[in-house]
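Below, each chain spelled out in residue letters.
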Amino acid sequence: MASWLGGLGSGLGQSLGQVGGSLSSLTGQISSFTKDILLEGAEEVGDAATELHVSNSRLREIESINATQKLENERLKKVCSDLEEKHEAAELQIKQLSIEYRNQLQQKEVEISHLKARQNALQEQLRKVQAAAQSAQLGAGVLPPTSTSASYVPVVRHSSGFEGDDMDFGDIIWSQQEINRLSNEVSRLESEVDHWKQIALSSKVQGTNDAEQSEICKLQNIVKELKQNLSQEIDEHQHELSVLQDAHRQKLIEISRRHREELSEYEERIEELENRLQQDGVSADAVDDSKISEQKNNAQSLGGKVEELQVVNDLEDEIRKLNHKLSSAKEENKNLLKEQELAKLEKIQIMQEYESLKSDFSMLQSSVAEQGAFLKEQEEKLQSKTSLPDDVVRLQQALLEAGNEIARLSSLNQHMITLKEQLSKQNTETDSIIKQLKCDIDFERKKVSVLESEMMETVKELNSQTEKLSQCSYALNDLHISKQQLQDNIKDLQEQLRKAWDCNLHNKKEIGELQQKLKEREEELSVSLSKLTEKSNRESNYTCQDQVLKEREVEIAKLQNDISENKQLNEDLEKSLSNLRTENGKLIAATEKLKQELSDAISEKSKVYLEKDTVLEALKMEKRQLESELNQMEKRLLEQAHKYKQTIEELSNARSMDTTALQLEHERLVKLNQEKDFKIAELKRSIEQMEIDHQETKEMLTTSLGGQKQLTELVKEKELFIEKFKNQALQVKQKLEEYIEVSKKQAVLKQNLEEKDRSLAVMKEENNHLKEEIERLKDQQSRSTPMVEPKTLDIIIELESEVTQLKVIKNNLEEEIEVHKKTIEDQNQTTAQLQQSLQEQRKEIDESKFQCEQMNVTHERLSLEKDEEIKNLQKTIEQIKTQLHKERQIIQTDSSDLFQETKVQTLNGENGNEKHDLSKAEIERLVKGIKEREMEIKLLNEKNVSLSQQIDQLSKDEVGKLTRIIQEKDLEIQALNARVSSAAYRQDVLSLQQQLQAYVMEREQVLAVLSEKTRENSQLKTEYRNIMDMVAAKEAALVRLQEENQKLCNRSENSSQDMSRETIQNLSRIIREKDIEIDALSQKCQTLLTVLQTSSTGTDNGSGGVNSNQFEELLQERDKLKQQVKKMEEWKQQVITTVQNMQHESVHLQEELHKLQAQISVESDSNSKLQVDYNGLIQSYEQNEKKLKSFSQELAQVQHSIGQLHNTKDLLLSKLDLVTPSVAAASTISQFSGIQCSAPEVLSDESKLLQKELEQLKKKLQEKDTTIRTLQENNQRLSDSVATASEVERKSQEGTESEMRQIKEKHDVLQKSLREKDILIKSKSDQLLSVSENLSNKENENELLKQAVTNLKERNLILEMDIRKLKEENEKIVATCREKETEFRALQETNMQFSMMLKEKEFESHSMKEKAFAFEKLLKEKEQGKTGELNQLLNEVKSMQEKAVTFQQERDQVMVALKQKQMESSALQSEVQHLREKEQRLNQELERLRNHLLEMEDSYTREALAAEDREVKLRKKVLILEEKLVSSSTAVENASHQASLQVESLQEQLNLVSKQRDETVLQLTISQDQVKQYALSLANLQMVLEQFQQEEKAMYSAELEKHQKQTAEWRKKAESLEEKVVSLQESLGEANAALDAASRLTEQLDIKEEQIEELKKEGEIRREMLEDVQNKLMNLMNSTEGKVDKLLMRNLFVGHFHTPKNKRPEVLRLMGSILGIKKEELDQLLSEDQRGVTRWVTGWLGGGAGSKSVPSTPLRPTHQNIFNSSFSELFVKFLETESCPSLPPPKLSVHDMKPLGAAGTGNTSSTPFNSQIQDSAVLGMSRRPDTNPFLAPRSAAVPLITPAGSSGHLLMKPISDALPTFTPLPVSPDASAGAVLKDLLKQ
């Protein structure tokens, strides 16, 4: 490419060099030619022959020069053709290259997009894999979702350069700036590519975090902004392109115009030269003829002389020769003329070629515009440079031809010297032109060199861009490599997953084997337990029966009393039920009617809500899908719960076994495997669900995005149309305003002209009169000149005085006129103020419109929010369903909670985007939850290990004892079960089941009644709302009337303003007429004064005096002036009277205003009455609320009575539990019941109470051990005898137990079904309420939409009117424009015709002059006798001239016609285009408006019909509901009555207001008639009226605001009251339901109390067994917990004394660190020195209580000191390390277990709470302080002792509180380490 361009540049340089050389040679030849011509003037030859020789030689030279120049021309043409061919080839190559580059760019872009898509897909796969692998890999995160990299931004190049225009310096600078900008963009893109590479690399290592997500969001926003910027830049570049193209066209037009002008100038010069040549030829012929005649005369005179005959002969020969030469010269002249004609033809051909070149040039321009900007400029300039030399060559040819002709003709005569001088001047001019052309050529060469350099730069830039493309390809290769790496990672992860699956399968097999072993062990245990229970039951049965019978009799008596009370309650309830049923029947009938009406209304509304139904259906589909997913999840959770149950049972069985540590580890592994299996399955399911959700959201997003894009495009198009129309409308309005102003000015000017014309006519008449009078006076003066009388002087003096008075009057009048002018100015100011106020009002109207639009927007938002609320309610319903499913579940594990949370979150997602975000959040939460679970599993495993160790450490003897105790207790339980399994009990159970079913039926009936009542309630609410809507409508009507009043007031004001304008105009006219009259009077006065002065001068001269007629005329004029002055005064008085009248009227208007204010106060009073009525309603409502409160109190009392029943039941149960064989057991049970009572009261002291109970239990254990031993001995004796009987009994007991379990399960199922039905009923009632609310909301929305539609209709009509007006105005303007254009064209045509006529006339005059010359010459030649040849010449000349004239005329006509046709065609084309565009726009608008109007009309008609039907039906409903309201409640009747009264009062007020309005309208008409009469006082009245308007506006605005506030407050109150009513009704329904349930429950309680008592006995016996075991374990713990190794403490004590004194504090610090004392306390103790030691010794030896009361926790060293010397110190360090691990606890027997607080063991039952607290304080410190069972941490699986007798096995409880742990004895810090070391060394 570069080489080719270089070759092209070199070729251009060579060709241009050749052109330059030829031009230089040409200029040299021209200069030599001019020198020769100048020298010829000096070389004058006398003889004619010599002259001919010289001329011939010159002609030959000129011909040779001409030939050389022709050759040069041909060569230059060839060069030009070669250059054009090269140019075309270059263009073709450039086109091909550009196409190739574009194709490459497109391919690269496609590749980039594919790679991005693949990268996104890979990233999604990676995320999925990592989410699946999270269970196996801890700490591994999800890859960050890298957003799409910035797309390839194509550089927008815009062509800037003009064809044929010289390149400016500014263009070069601009191109450089463009290059810099492009390089900056390239660098920015490279940096972005690097950034994305880094992100891609980091995505392999890093995990997803919230920060990265935020970065992604930011990047996406940046991408969006960049796209927007790109689009803006493209628009700007396009705009710049269009501007540059326009400028380029303008420059082209200018260049072509200049070229045409230059051509015309050159043509004119050539014509002048031809004319001069012709003149020169004629003059030369004439001179030759004159010479010949002279010679002939000489020959005749010398005829007589013979001597001179020879000379004459010679002369005759010479004459012949000369004649021959003349003929040859004439032939040459003819040839020259032919050559001239040929040159003209060539010129025409050249013009045609020029035009064809122009067309080619335009074609080339279109092709070049497609190329790059820089190449375009260069090539255009090259073209211009190639075209310029052609013009230069043509001009030079023309000059050379002119020179040749001059040279040929110069040899004819000496008189050509003058012509030569002229030619020399012309040659100097041509030299200067040639020099200028040379300069231009040099300048263009420089530009070409600059362009070549720029071409090289562009080539370099292209190379750099290709390099960048290659870099991009490298980056793509890197991305491919990274993709392959990611694929490898995915494969590795898949292999890891497979391995995990294999491990899981292996673990499952091991678990199955362990389960089989556990089952075998369980069977062995059950056999041993059955033997024990049989022995214990037989002993205990005999002693307990007597006591039980007595207690049962007492209880039966109590229960009979309760049953009688319950029966009474049942009877009351049945009565109330019968009443409710009667009411229910009535209500059902009413509801059926309402249902029919509702169904009609719904059928009508369904048409309107079709679109919304489609949306709801889509939501329902989603809901169904979600519900199906939820059901699946629930099933899975149930399965998991069953699995967990099984695992828990297996673990409990395993714990109860005396197994080894290996089995515990197996159990732990089993648990872990199962949990991990569940987690893996759950994660897989969640991932699948996430993928499905993701796909759905993607589809939703794509559809919604497509719809949004279409909508946005439509909106943009409509906005553009609207903006265009607005701009057009504004332009048209501006033009209209201008035209109106101009028309007003024209009207004023016309009026002034008419007035001035009238005044002129008057003045002319007066002048004529005055002239006639002057003439009469002159005649009289000429006739008689009598002496001046003295009377005349007196008259003159009087006239002068009168004139002065008139002047004074005139001045006064002028002052008055000035005053009037000032008033006019004031009025103008007031008009300006009024206009301002009008503008302000318009602004206010615009603001109100804007507010209305905002209100519409807010209404739309509210509707959207309500739709969202509906969605939220649906979601809440779904959440309630999920909660129901949760309640069904038995065990709520943490994992299930997690999954339910995720479900709720997925349901809450409204849109697809939110779902996507929630899915991410859910994954993160799952990951966190899994980590927490794993941590908990670890903790539990550790605890399991510790438990297993401690269980191993326990002796087998203790475990055996415990198993024996458990067997005895099981035997007792079996005996009780046998007692329970009797025939009477089964019958009771059957009867209870039947009663339960009956009660369930009754409950369902009552609930149905309740639901019907709630429906009736909702209907009443709707009726109440309708009434409130009616009231609101009436209020709206009032507001409308007020607005109409305001409009009328505004109209009156506007009319008054119009009147004021008219009066101002009339006043201005009157004042102008008065001005004219005053001017006329002043002129008259001046003329009179001049007459008087002339007359006085005449009298002084003595020519004559003033006549009496003049004085009479003057007197008459004075009278006239006086009459006019009187008229003016009368007019002034009239004006003053009118002003006074207007003031009186203003007073009347003020009174009317006061009346209006009084009416407003009456309206406010009526409003206050309405408020009072409303307050009455509120009070009635408050009374209802009080009644409801009383009901709620009764309900609370009933609940309290139920609670008391529960308490009595608990007491009875506690009494039944007193059946145990020993007194100690009874005391423990009573204590437990006491604990039960106190537990709910004091929750905070539960931990202390538990500790006290533990102490008491420990004391009791010691007592019971002795009894157990004796019982064991008895059991061993009886075991052999009872072995056979026990097996039979056991079988029967097992059967009864299974039956009891079945009954219990049935009971539980029935209770669950009851609960589910209750919840369903509640949810359905809530749904009904929400649906009714939605209906009411949608009705309100419909009304709002209707109002909006009506407003839109009105706006449409207004806009259509405006559009019509604008169209008419546009048409008028277009018509005027067309007329002006036609006029302009006509003027142009006439101008052209005139110019043509002028040229023709000039040409004719010139031709006539030439003819005159020719005729003179002919006359002379006739005289001389030689006319033939001259006639021929003249004829030829004439024919040539005629041809030339005809050619010129034809050319001019053709040119004019062409120009006209071009102008017309361009104008027509522009008009046609404009009209087409207008037609298209208008057609589009018309179609759109028609469609819109048709749609709107159809919708409006439908809505109107539907609304009418609804109104009719609603009115019917209102009538029916009013009848029901009268029957149902008096409160609503009062409210309706008050509302009707309000409506009547409002109607009366409306009538009054309408009457007042009519009266005011009449008064306004009267006042308008009066106002038309008064004119001057308008200014003052306007001021007053403006003030009144402002006050009225303020009043009206204040009242409107008050009304609005009041209405808003009333609405809020009504809404709050409605909400209260709804809540109270709900609470009433709930209370009724609760009462019914309570009555049933009391009956059920009576029935089921027996079952509960029997079951409680079993529970109490089991609790006793567990408590015994717990007490034993607690004794073991307490006996071992607070003990310290004596040897260690002794060795430490001795070691302290053995150490040197310098390092004893270090030993003390070491001991302190072992004992866990803080550094600060140690420093204090060491500072006290010896006092601390004495205290420590006394405290340790003397105060034993302190050590008992402060047991310490197991301690570990936290601080390590570094010692340098002494063996003792190293030994102490060794001791530190050895003391860390806990020693195994000593094996202690049951007898050796004694609590710390051994005192007071006997008085357990009698001790109050204080003693318990004191005892608990001893043990409280040894355990953790936070042993609250209700606030246990997650790690603590189960608390040690459950409050209020909760059952549970010992092995299922935490270890730290249940089993003994090793803790050292408390040692005070003041002991020395020497003694300890001594003891250690001794040992």
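This one's a predicted model, so the numbers in the text were calculated from it and none came from an experiment.

1. Describing the overall build of the protein chain
Across its full length, the protein chain carries 29 helices and 0 strands. If you take every contact in the protein chain between residues at least 6 apart in sequence, the share linking residues at least 24 apart comes to 91%.

2. Brief notes about the packing of helix H22 (residues 1704–1715) against helix H23 (residues 1719–1728)
The contact between H22 and H23 brings their axes to 11 Å, and the two run at 145°. As for the relative orientation of H22 and H23, their crossing is right-handed in sense. Contacts between H22 and H23 involve Pro1705, Leu1708, Arg1709 and Gly1712 on the former and, on the latter, Leu1722, Asp1723 and Leu1726. Grouping the constituent residues of the contact of H22 with H23 by class yields 4 nonpolar, 1 polar and 2 charged.

3. Some remarks on the packing of aromatic side chains
Applying the stated criterion across every chain, the model contains 3 aromatic pairs. Here the aromatic rings of Tyr644 and Phe678 are separated by 5.2 Å at their centres, their planes lie at 55°, and the arrangement is tilted. Taken together, the residues span a long stretch of sequence, with Tyr644 in helix H8 (residues 610–656) and Phe678 in helix H9 (residues 661–783) at a distance of 34 residues. Both residues of the pair, Tyr644 and Phe678, belong to the buried class. The ring of Phe721 has Lys724 lying over it, and the distance from NZ or CZ to the ring centre is 5.8 Å.

4. A look at the pattern of salt bridges
One pass over the structure, following the stated rule, counts 24 salt bridges. Where Arg188 meets Glu192, a salt bridge forms, and the shortest distance between an N and an O atom there is 3.2 Å. Taken together, the residues span about one helical turn, with Arg188 and Glu192 both in helix H3 (residues 169–205) at a distance of 4 residues. Using a relative accessible area of 18% as the deciding quantity, one classes Glu192 as buried. Residue Lys1132 is joined to Glu816 by a salt bridge in which the shortest nitrogen-to-oxygen separation is 2.9 Å.

5. So, the environment of Gln1606
Mapped onto the fold, Gln1606 is located in helix H20 (residues 1578–1681). Through-space distance from the C-alpha of Gln1606 to that of Asn1167 is 9.3 Å; in sequence the pair is 439 residues apart. Residue contacts for Gln1606: discarding those within four places in its chain leaves Asn1167 and Gln1171.

6. A word on a negative patch on the surface
Together, Asp82, Glu84, Glu85, Glu88 and Asp360 make up a negatively charged patch on the protein surface. Top contributing element to the negative patch by residue count: helix H2 (residues 48–133), with 4 residues. Its location among the elements puts Glu85 in helix H2.

7. Side note on the side chain of Asn584
Among the secondary structure elements, Asn584 is positioned in helix H7 (residues 416–608). Overall, the relative accessible area of 6% leaves Asn584 in the buried class. Discounting residues that sit within four places of it in the chain, Asn584 has contacts with Val1009 and Glu1012.

8. Some words on a nonpolar patch on the surface
On the surface, Leu342, Leu345 and Ile348 cluster together into a nonpolar patch covering about 290 Å² of accessible area. Tracing the backbone through its elements, the reader meets Leu345 in helix H5 (residues 309–370).

9. Description of the side chain of Gln640
Along the chain, Gln640 turns up in helix H8. With relative accessibility at 6%, the residue Gln640 sits in the buried group. In contact with Gln640, other than residues within four places in its own chain, are Phe678, Glu682 and Arg685.

10. Topic: the packing of helix H21 (residues 1686–1698) against H22
One way to put it is that H21 packs onto H22 with a least axis distance of 9 Å and a crossing angle of 160°. Put simply, H21 runs roughly antiparallel to H22. The two elements H21 and H22 meet at a crossing, and its hand is right-handed. Contact residues: H21 offers Leu1692, His1696 and Phe1697, while H22 offers Arg1704, Val1707, Leu1708, Met1711 and Ile1714. Each residue belonging to the contact of H21 with H22 can be placed in one class, and the counts come to 6 nonpolar, 1 polar and 1 charged.

11. Describing H21
Helix length check: H21 (13 residues) gives 19 Å between terminal C-alpha atoms against 18 Å at 1.5 Å per residue, within 8%. Met1689, Asn1691, Leu1692, Val1694, Gly1695 and His1696 are the residues of H21 that are buried.

12. A short note on a positive patch on the surface
A surface patch of like charges, here positive, comprises Arg260, Lys358, Lys1399 and Lys1459. Secondary-structure assignment places Lys358 in helix H5.

13. Quick notes on the confidence of the model for the protein chain
Mean pLDDT over the protein chain stands at 76; residues scoring 70 or higher make up 76%. Mean pLDDT values over the elements of the protein chain span from 39, in helix H25 (residues 1744–1749), up to 89, in H2. Confidence over residues 1220–1244 falls short of pLDDT 50; this stretch has 29 contacts with residues more than four positions distant or in other chains. Confidence drops under pLDDT 50 across residues 1850–1872; counting only partners more than four residues distant or on other chains, this segment forms 105 contacts.

14. A closer look at the environment of Glu1650
Checked against the element boundaries, Glu1650 lands in helix H20. Taking the C-alpha atoms as reference, Glu1650 lies 9.6 Å from Leu1213; in sequence the two are 437 residues apart.

Cut-offs applied
- Residues numbered from 1 in each chain as written.
- Predicted model: local features only at pLDDT ≥ 70, side-chain atom pairs only at ≥ 80, totals over all residues.
- Heavy atoms only, no water.
- Helix = DSSP H or I, 4+ residues; strand = E, 2+ residues; numbered from the N terminus.
- Contact = heavy atoms within 4.5 Å.
- Axes fitted to C-alpha atoms, helices over the stretch in contact; angles between N-to-C directions.
- Left-handed = near helix turned anticlockwise from the far one by under 90°.
- Nonpolar A, V, L, I, M, F, W, Y, C, P; charged D, E, K, R; others polar.
- Phe/Tyr/Trp six-rings, centres within 6.5 Å; stacked < 30°, edge-to-face > 60°.
- Buried < 20%, exposed > 50% of the residue type's maximum accessible area, 1.4 Å probe, protein only.
- Lys NZ or Arg CZ within 6 Å of the ring centre and 35° of its normal.
- Salt bridge = Lys/Arg side-chain N within 4 Å of Asp/Glu carboxyl O.
- Patch = residues over 30% accessible without salt bridge, like charges linked within 9 Å, V, L, I, M, F, W, Y side chains within 5 Å.
- Areas by Shrake-Rupley, 256 points an atom, 1.4 Å probe, with all protein chains shown as cover.
- Lys, Arg positive; Asp, Glu negative; His and termini not counted.
- Charge placed at Lys NZ, Arg CZ, Asp CG, Glu CD.
- Parallel < 35°, antiparallel > 145°, perpendicular 65-115°, else oblique.
- Expected span 1.5 Å × (residues − 1).
- pLDDT = per-residue confidence, 0-100.

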